[in-house]
Each structure stands twice: as structure tokens, then as C-alpha cells.
Amino acid sequence: MPLYDFYIDKRSGTSADTLLAVGFAEILDTLSGQDVEIHDRGSHYQLRSRFDPTTIVDNIEHLNLIQPISTDKQPIVDGFSYEQQKAQRDIYRKLLNELPPKLRNTDAILNQAPDLVAIADQKPSSLLPLYLIINQMKVAISFNPPIINWRNLSIQQKNTILELLIRLFRITPNPYQAIVKEWQIFAKQHKLDQTMTMLQVTNPTAGKGANRPKSNRLDIGNMEEWWVLEWIKFLGFFDLAHPQVIRDSKDRKTYIIKPKAIYFRELRKIVDAFREVAWSNSPVKMDVQNILRLLQVLVKNQRNALSNTQTHSKRKYKPPSDLIEGCEVTFYKDMGSAFAVMNIAALNIPEWIPAIETLAQAHQIDLVLKEHLAVVQTIRAYDGGERSEEYSLLACYRDFLSSRTVEPLLDFCALYAPYLGQKIERGEKTQRFSVPTLTEVFSMQKPLNSIISSIGFQKIADAIRNCTVTLQYKKAKGERVAFEIRYGLTQELIRRSNHTDDFIASLTDFIAKYNTESAQKFETSKGVDKRSRVTQTDLDDIIALLDVGYKSSVIARMLVAYGSARKERKINEAGSISEEV
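These remarks concern the structure in this document. The structure presented is a predicted model; accordingly, all values stated were derived computationally and were not measured.

**Regarding the overall build of the protein**
And then number 1: Looking only at helices and strands, one finds 24 helices and twelve strands in the protein.
And then number 2: Expressed as a percentage of the 581 residues in the protein, the buried residues total 52%.
And then number 3: Once local pairs closer than 6 in sequence are excluded, the contacts in the protein between residues at least 24 apart make up 73%.
And then number 4: In the form shown here, the protein has an accessible surface area of approximately 27200 Å², with 50% of it arising from carbon and sulfur atoms.

Okay, here's the thing in C-alpha cells:
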């Protein structure tokens, strides 16, 4: 069967366009019974479907794809039983609390632990969080009418609306004004509702106030839209959205998964899996963890495809960023009587993660992601909260995640190294990157490979580690510390790295003091206290890297990153990255 193209223009420039495109993709999937390709073309979304727009539709009654919300106060026939599902959620939570702690984490969910599978039939509907936000944001009174309106239409009326939608989306730019005029005439003839208020739950910029390109009226009323398009956005909302309440707050964020080039049914599976493992946290940490969790889901999805011998040979290898662009995030502030949109942002999937072509590669990338999650989770103050220092670290790491290169990770490591030392000194739980993980990440950017493979670079990084974090861990554990702890070393190297001569002077000064102390301790302890020395050849390797064009700031930050990392990964019995104490 041939493929037919449909186009959804990005009229608002927000997540509302994505919801409309994916909602219409679900309609095409239902009508054709076959999967739909979704492509982000910049100014519009392109949908490629087997649905022939010239044929007469005989299964349009199957388009009752979402239920209105039904509460005890406002019961609706064939609606979503809101209170009943909330009660089922409480039952499931009680069952979860009876399980060991190691089974109440995202790793257990991703790995489908048998004990979790055993109680899976007690889970509430996966759509409950979506109905929760609709009810809690007090928009159920506006959410239900378009769904009920569609149900109550005759088959002929539904077919007429479908014909209008096909004509609207078959060309780009979409002939929006002309189609809406035709709809208004048809609606008047059949005494149908024409428009509805645009809800901020699906249209984040459609609240009262400045919502016109040019001021031409004094009122600040709500914006109106053809209710059929709003109904389609609701379809997309149920396909893509993951609303979350911010920890210790009534504020909330809604994450909309943004497709780039993917099949509709695969996208649905990814979103369903993402909803299972994306949990509430503080605002910035939630952003970071959700992108990392989304990456884990994409890696698992690719690993399952590689394990499937039927699809393995047919599948094209693509980086995760070629499938999913990232998340569109809307932050809602609780104002007491209502929620107000305070911020709209985009979180991108990192482009430095390559296409996954083997199971071994998928396993390695999964280990990298687990370690990054473990590091992020330990960025917290002694009381579990987050202050300005933690916020700056998490914001820096978030910038790295959404970047096109891995170099911003060096900025994070430069900030994280002294923070790590302070936490060790206070005896708090910490998590370091491992050398294998850093090498795995930095190797994804080929220009950095020459630095990583340099023997001199590795030995000097070892020396930095030997006189900073390694000794600090020993001190925190009450063990004997044979050498001087070089407090402030990492900050000094970073501070002096803006100029090559200053960096070399600072590095050689450190090496001289390091070697002198090593020799003195070896002599006075009669060979008991010993550590490897840094040679002239090792320093020459660093100078050689500078001579071939590497910036001193890059080398300094990489030395700090490797110098504060541990030599090997530590993985516990559950397959998670172990925390250090």
C-alpha cells in the first residue's frame, strides 16, 4: 500500500503543536490499522500513513479514544472512574511498601523484577496521573465537553469533520482559516458547538493576558479554538504527557515527549515505559533525572530490538537523539485557587550518544547512565535539600545533558571536584564518576581521544587523585593518612588554566611538591609509605598536547575530572552503581 503524507504546521511554537500532531497520528493509526511515521520537519510535522484519504471510512466509531473524567460529584456513563482508580492506587502502594527497598526503585522496574510483575495486575490505570492533573487543575468542566460532543455526533457528522481535517492537514501551510469557516457554516446548520476555551494544560501560552501578536482589544479573556482540534490535542496529551508534582510543593511540571523521527506505536511504548520510571524530585534534579531516565528507556528499547532476531536485521541504527528530540516542559505555579504557567522550556536528548549497534554497546551505555544518575542523586545538602551550591551544580549538569558535545561535562566536573571533597570531609554519602565512565563519554567526541590515551595525562591524573579524594576518603573512614591532603589543588589548576604559561607553572609546581613529598615519605618510613612518582616524560606528554593545539583550559578540566574519579566502577548485587561513604 502507498504512503500518504499529512502535515501539521507549528502554529503556536509550543508543545500544543506536538500534541496536535501525535493526536492526529493516533487517529490515522486507528483508521488504517497500521503504524504511522512521525517526522519533525522544523516548521511542521510530517505524518506518513497507509490511510487513504480518498476512501470512505467505515470504522470512524472506533475513534472514541479517550474517556471523560467521571467523579462521585459528576458521574458520567462510560467515563474514567476517578475515585475508583485512586483507591486502586492506594492498594498498589500498600503492596509496594511490603516489598524490600531494593525492589522499590527504577532499576527494578526497568529490569521487570519478578516480584513487581507478580503484583502488576493490581496497578491502577497508567492514565490516572493524567486525569489527576486535569482534576487538580480544575479543568474537568472544560475537558469533558469535547469528548462527549464527539461521542454524540452522528456517523455522517463525524465523516464530515474527518474530511475537513484531511483537507486541513494534507498540505502545508495548513489552510486553517478556510477550513474553520467551512466548519462554522456546517456547525450552524447542525446546531453544533463551534469552539471551546483553550486550556493551559494542553496550550501553555493560551492563558489570559498577552496572547495576541498585536494589542487590539482591552479585554483579557480566554482564547477560543475549534473544539475538534482541542479534542485531538487531548489525544496527544494522553499519548505523550507525563505530569509530576514537584517534591515538597504543590507546584508541578508537565513533560511532553517530543518525537523527531519515529513510528507512533514505538513512541507510545517509550512514553509508557518513561512514565514508570520518571519520579518526582526537586525542579532541576527532576529535569536531569527525567532526561537520563528517558535515555535509559531508549537504550532498553534498542537493546530489545537487537535481541529480537526478526526485527534486528531490518532495523536501521540511529542515535537516540534522532528518534526523540527531548522533552517540552511546562512549569505550573500553584497560586491557591488556580495554577499559572511560570516557565516553558525544552530539554534535549544528548547528541553525543551514538547509534547503538550491539548488545555489548547497549550494556556499556546503560552502565554510564546508571553512574550519572548515581552522581546526580547524591548532589544534595546534609539535610537532603538543595541550596545554591547544589542548584548551580545541577543546572550546570542539565546544560551538559542538552548540549551537542561532551565538553560541558568538564565544566560540571570542575565544579563538582571541590564539592565532592567537602562532602567527603563531612562524612556524607558521595558518588564519584569512574575512569571507565569518563573515558566512555569523552571517547564519544573523537578530538578528546588523544588526551585520554596519553600516558602522561593518566599518570598526572592519578597523582591528583592520590593526594586529594583518595586521602580524604581514608581520613573520613578514620584510616591513617600518610601523605598531605592537597586542599584547593583542583581549584588552583582550573584558575590558572586560562593562560598556558600559568597552567604549566601551576602544574610543574604541583608535580615538584608531589615528587618531593613522595621521596621524603618513602625515606622516613623505610619504604612503607610509597606511591608512584610523576616523571619528566609525563609532563612532556602534557606539553606535547598543548603544542598540537589543545587548550590548557580543556586539559586542566580533564585532569580535574579524572583526578577526582575512581579507577573502577562499583556495581552492587542489584546491578546498580554503589554509593560511597
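**Notes on the packing of aromatic side chains**
And then number 1: Here the structure, examined in full by the defined rule, presents 21 aromatic pairs.
And then number 2: Geometrically, the ring pair formed by phenylalanine 80 and tyrosine 131 is stacked, given 3.9 Å between the ring centres and 10 degrees between the ring planes. With phenylalanine 80 in strand E5 (residues 80-81) and tyrosine 131 in helix H5 (residues 128-136), this pair connects stretches of sequence that are 51 residues apart. Accessibility assignment for this pair places phenylalanine 80 and tyrosine 131 in one class, buried.
And then number 3: Put simply, the rings of Trp352, Tyr397, Phe400, Phe412, Tyr416, Tyr419 and Phe433 touch in pairs and so form one group of aromatic residues.
And then number 4: Across the ring face of phenylalanine 6, the terminal group of arginine 170 is positioned such that the distance to the ring centre comes to 5.4 Å.

**Observations regarding the sheet that holds strand E9 (residues 252-259)**
And then number 1: Spatial strand order, E8-E9-E11-E12: four strands in an open sheet with antiparallel pairing. The sheet is open, and its two edges are formed by strand E8 (241-245) and strand E12 (339-348), each paired on a single side. Between one strand and the next, the sheet's axes are offset by a mean angle of 20 degrees, whatever the strand orientation.
And then number 2: When strand E11 (residues 324-334) meets E12, the two strands line up antiparallel, connected through nine bridges. Counterpart to cysteine 327 in the pairing with E12 is leucine 347.
And then number 3: Running at roughly 155 degrees to E9, helix H10 (residues 264-277) makes contact with E8, E9 and E11 of the sheet.

**Quick notes on the nonpolar core**
And then number 1: Ranked by size, the top nonpolar core spans 167 residues in total, and within it Phe24, Trp226, Trp231, Phe412, Phe442, Leu507 and Met558 carry the most contacts.
And then number 2: Phenylalanine 24 has contacts with Phe6, Ile8, Leu47, Leu165, Phe169 and Ile232, leaving out every residue within four places of it along the chain.
And then number 3: Formed by seven residues, the second largest nonpolar core is a distinct cluster that contains Tyr92, Leu99, Leu103 and Ile119.

**Here we look at the sheet that holds strand E10 (residues 261-263)**
And then number 1: Strand order in this open sheet of four strands is E1-E3-E2-E10, and the pairing throughout is antiparallel. Looking at which strands have only one partner, the edges of the open sheet turn out to be strand E1 (4-9) and E10. Each adjacent strand pair in this sheet contributes to an overall mean axis angle of 20 degrees, direction not counted.
And then number 2: Where helix H1 (residues 15-32) meets the sheet, it contacts E1, strand E2 (37-40) and strand E3 (44-49), and its direction lies at approximately 10 degrees from that of E3.

**Side note on H1**
And then number 1: The terminal C-alpha atoms of H1, which comprises 18 residues, lie 26 Å apart, in line with the 26 Å expected from a rise of 1.5 Å per residue.
And then number 2: Of all 18 residues in H1, 16 are buried; the element is thus mostly enclosed.
And then number 3: Residue glycine 33 follows H1 closely and has a positive phi angle near 75 degrees.

**Overview of the pattern of salt bridges**
And then number 1: By the definition in use, this model includes 31 salt bridges.
And then number 2: Ionic pairing is found between arginine 11 and glutamate 225, a salt bridge with its closest N-O pair at 2.9 Å. Of the two residues, arginine 11 is situated in the loop between E1 and H1 and glutamate 225 in strand E7 (residues 224-226); the sequence distance between them amounts to 214 residues.
And then number 3: For arginine 11, a relative accessible area of 47% gives the class partly exposed.
And then number 4: Taking relative accessible area as the criterion, glutamate 225 reaches 4% and is therefore assigned buried.
And then number 5: Aspartate 462 serves as the salt-bridge partner of lysine 567, at 3.3 Å between the closest nitrogen and oxygen. Taken together, the residues lysine 567 in the segment after helix H24 (552-563) and aspartate 462 in helix H19 (residues 455-466) connect sequence positions 105 residues apart.
And then number 6: Salt bridges here are not isolated pairs; linked through shared partners, they connect Glu26, Asp239 and Arg268.

**A few points about the side chain of asparagine 281**
And then number 1: Tracing the sequence through the fold places asparagine 281 in the loop between H10 and helix H11 (283-307).
And then number 2: With relative accessibility at 10%, the residue asparagine 281 sits in the buried group.
And then number 3: There is a polar contact of 3.2 Å between the side chain of asparagine 281 and the side chain of glutamine 289.

Rules used in this analysis
Residues numbered from 1 in each chain as written. Predicted model: local features only at pLDDT ≥ 70, side-chain atom pairs only at ≥ 80, totals over all residues. Heavy atoms only, no water. Helix = DSSP H or I, 4+ residues; strand = E, 2+ residues; numbered from the N terminus. Buried < 20%, exposed > 50% of the residue type's maximum accessible area, 1.4 Å probe, protein only. Contact = heavy atoms within 4.5 Å. Areas by Shrake-Rupley, 256 points an atom, 1.4 Å probe, with all protein chains shown as cover. Phe/Tyr/Trp six-rings, centres within 6.5 Å; stacked < 30°, edge-to-face > 60°. Lys NZ or Arg CZ within 6 Å of the ring centre and 35° of its normal. Pairing = 2+ DSSP bridges. Axes fitted to C-alpha atoms, helices over the stretch in contact; angles between N-to-C directions. Core = buried A, V, L, I, M, F, W, Y, C linked by side-chain atoms within 4.5 Å. Expected span 1.5 Å × (residues − 1). Salt bridge = Lys/Arg side-chain N within 4 Å of Asp/Glu carboxyl O. Polar contact = N/O pair within 3.5 Å; in protein donor to acceptor, adjacent residues only side chain to side chain.

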